[in-house]
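# Fold and geometry: a report
Below, each chain spelled out in residue letters.
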Amino acid sequence: MEAYAGTVLDVDLTRREVRTRRLDPDLVAYYLGGRGLAVRIVWDAVPPQADPLGPENVVVLAAGPLTGFPVPGASRTSVVTKSPATAPRTGPAGAATLAIGQMPGHLATELRYAGFDAVILRGRAPEPVSLVIRDGEARLRPSLDLWGKEIPEAEAMLRQELPREPYQVAAIGPAGERLVPLASIVHSHPYGAHGGRGGIGAVWGSKKLKAIAVRGTLTPFDAARPQALDELTPGLTKNLRGWNRFETWRRYGTACLLEAGNDAGFLAVRNFREGWTPAASRVGAVRAEAGFWTRSEACFYCPLHCRKVARIRDRDGRGLAVAGPELETAAMLGTNLGLGDLEAVLRLKDRCDRLGLDPSSTGNLLGFLAEAADKGVVTPSHLAGVEPRWGDPEGFLALVDLLARADEGVAWAARGVRTASRELGPETAPWAMEVKGLEMDTYNPPGLPLLAVSFGTSPVGAAHEFGHTLRVQDERAVSDSLGLCRFHLYANPLSVQAQALAAVTGVDRSPDDLRRIGARIWNLERAFAVRDGFGPEDDRLPERCRSEPFRAGPRAGAVLDAQQEARMLAEYYERRGWTRSGGVPTPETLGGLGLGDVARALAG
């Protein structure tokens, strides 16, 4: 199999066994790699209604076939597991969706150069461990000394005993160790990124896995058509540089979208109560560039350099490097909390990064608690003496630390917005901004109604980045499976990606062939949720979106029409080949995509 290392690292944490096995060629033919490969492995390995925090759950990290080649943007690590953050509104215990992360940086490249296409993590270690991978070998390092440490300290301690080489590290913080469903994994602090939403960090914590460190110096794979790749690569880079948003994104990163979303009237503001705020410019890209950013960071072989690093003063007055702000940080830890102080936003982001908290879900929860306090539903006695108030960074900072450690005084809230709402009472449900249990992020649907489809049908719950049309969803599933950053679809569409795939694998596929693979992945992800007990009622947005019109901004008066929402979802189901009333992939649809075994599993 050209373009593939051909080996999967299979780690049984319970038995403390590390084995290798051959990568199944049928799986890569059907799912390419990356996200698709990881989702299929999780589907096969995790039984229905398995406890996401139990030893039956597995975590898969997978690279794509383009990763490690000179293909711009081929840098993403897919991280897939069963989510501890989601659940159907009514359903059996243990029911949950997938959690799917696309982690930028260099980890996937290093994994491939170490000789592996994927890593499977099974079981639960009796004591904390870290996984160290180097050039075809792997070992489990006892990590009781790292347990309890914040991510920068744990990473530094781990690196001290590794050879002085550029190991790529991903780790969890106290939030993951305490099994907080808001927990994520963080790669290469402080310059890296979070490895997905939906509680992936909590699953690592349940397995007693503190960190993974990877170093590769091998060249275990070659392009099937090296001359074709050499001829293609300059064009891929030229296309990217010719994209009409290239210079803006290179200069500002995704933070440039904050003010654009605000100007259009669909930004998350004060727990999604509004879609616009005059304070957006104070936490946006122009302000960040002028006063905080010190450098840009690039993922593997990417000329976009869209990840930004800011510098603020720490509590001792020394300089402190902080990743961002990017769009999600500025929105969910800024405008959604009524904060117009960018340094305060960056301090919140820094605490999330160090503690291993997903900034998007954390910002959503903080906004919910601020509104609950504003309405008198909670008092400081409910939150370990802390009173969250709109625009008050100190209260939010105190809560972040308490939530990450599941402090006894806030443990009821640390399980996420849906659980917190149920604890407080049914009157809070309309403004608990979640879908399937995952907190909504960044954009506010009344100002952009297509988000009803994006949030409603996303395989992980309310995450906007999976796309809001069938075609975009399928194409992003393909990019994720190739190992590509989704941003590169804007410059190098699927027709160009097909050429790159043919050059490295020697297999010619048309864009329609790739979209069919994307549809296969998307339907498998939907089947995972259906098998666990999710129904069409779980695709609906919170009541606030339908009943509380915006009061200010360019979309003042906007509200999501309930009939329009229902119609959009029903039409989407029909186009997908799902039952119009239930959103269940039909046997004919699944069979036509080569998922007959999945259809039989859904039939019981």
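Our structure's up above, just so we're on the same page.
Please read all numbers here as calculations on a predicted model, not as lab measurements.

## Observations regarding the pairing of strand 5 (residues 98-103)
Counted residue by residue, strand 5 has 6 buried out of 6 residues, so it is predominantly covered. The alternating pattern of strand 5 places Leu98, Ile100 and Gln102 and Ala99, Gly101 and Met103 on opposite faces, both of which are buried. In terms of strand pairing, strand 4 (residues 77-82) meets strand 5 through 6 bridges, oriented antiparallel. Paired with threonine 81 across the strands is alanine 99, a residue of strand 5.

## As for the pattern of salt bridges
Under the definition given, this model contains 53 salt bridges. A salt bridge links arginine 89 to glutamate 434; the nearest nitrogen and oxygen atoms lie 3.4 Å apart. With arginine 89 in the loop between strand 4 and strand 5 and glutamate 434 in strand 16 (residues 434-435), this pair connects stretches of sequence that are 345 residues apart. A relative accessible area of 37% places arginine 89 in the partly exposed class. Note that arginine 273 and glutamate 548 form a salt bridge whose closest N and O atoms lie 3.0 Å from each other. Of this pair, arginine 273 sits in the loop between helix 9 (256-264) and helix 10 (285-291) while glutamate 548 sits in the loop between helix 21 (544-547) and helix 22 (562-576), and the two are 275 residues apart along the sequence. The exposure classification of arginine 273 matches that of glutamate 548, with both residues buried.

## Considerations on the packing of helix 18 (residues 470-482) against helix 19 (residues 494-505)
When two helices pack together, their arrangement is given by the angle between their axes and by how far apart the axes lie. Direction vectors running N to C along helix 18 and helix 19 enclose 25 degrees, while the axes themselves pass 11 Å from each other. Of the possible angle classes, the one that applies to helix 18 and helix 19 is roughly parallel. Helix 18 and helix 19 meet at a crossing whose hand is left-handed. Side by side, helix 18 and helix 19 meet where Glu475, Val478, Ser479 and Leu482 of the first sit next to Leu494, Gln497 and Leu501 of the second. Considered class by class, the residues forming the contact of helix 18 with helix 19 number 4 nonpolar, 2 polar and 1 charged.

Criteria and thresholds
- Residues numbered from 1 in each chain as written.
- Predicted model: local features only at pLDDT ≥ 70, side-chain atom pairs only at ≥ 80, totals over all residues.
- Heavy atoms only, no water.
- Buried < 20%, exposed > 50% of the residue type's maximum accessible area, 1.4 Å probe, protein only.
- Helix = DSSP H or I, 4+ residues; strand = E, 2+ residues; numbered from the N terminus.
- Pairing = 2+ DSSP bridges.
- Salt bridge = Lys/Arg side-chain N within 4 Å of Asp/Glu carboxyl O.
- Axes fitted to C-alpha atoms, helices over the stretch in contact; angles between N-to-C directions.
- Parallel < 35°, antiparallel > 145°, perpendicular 65-115°, else oblique.
- Left-handed = near helix turned anticlockwise from the far one by under 90°.
- Contact = heavy atoms within 4.5 Å.
- Nonpolar A, V, L, I, M, F, W, Y, C, P; charged D, E, K, R; others polar.

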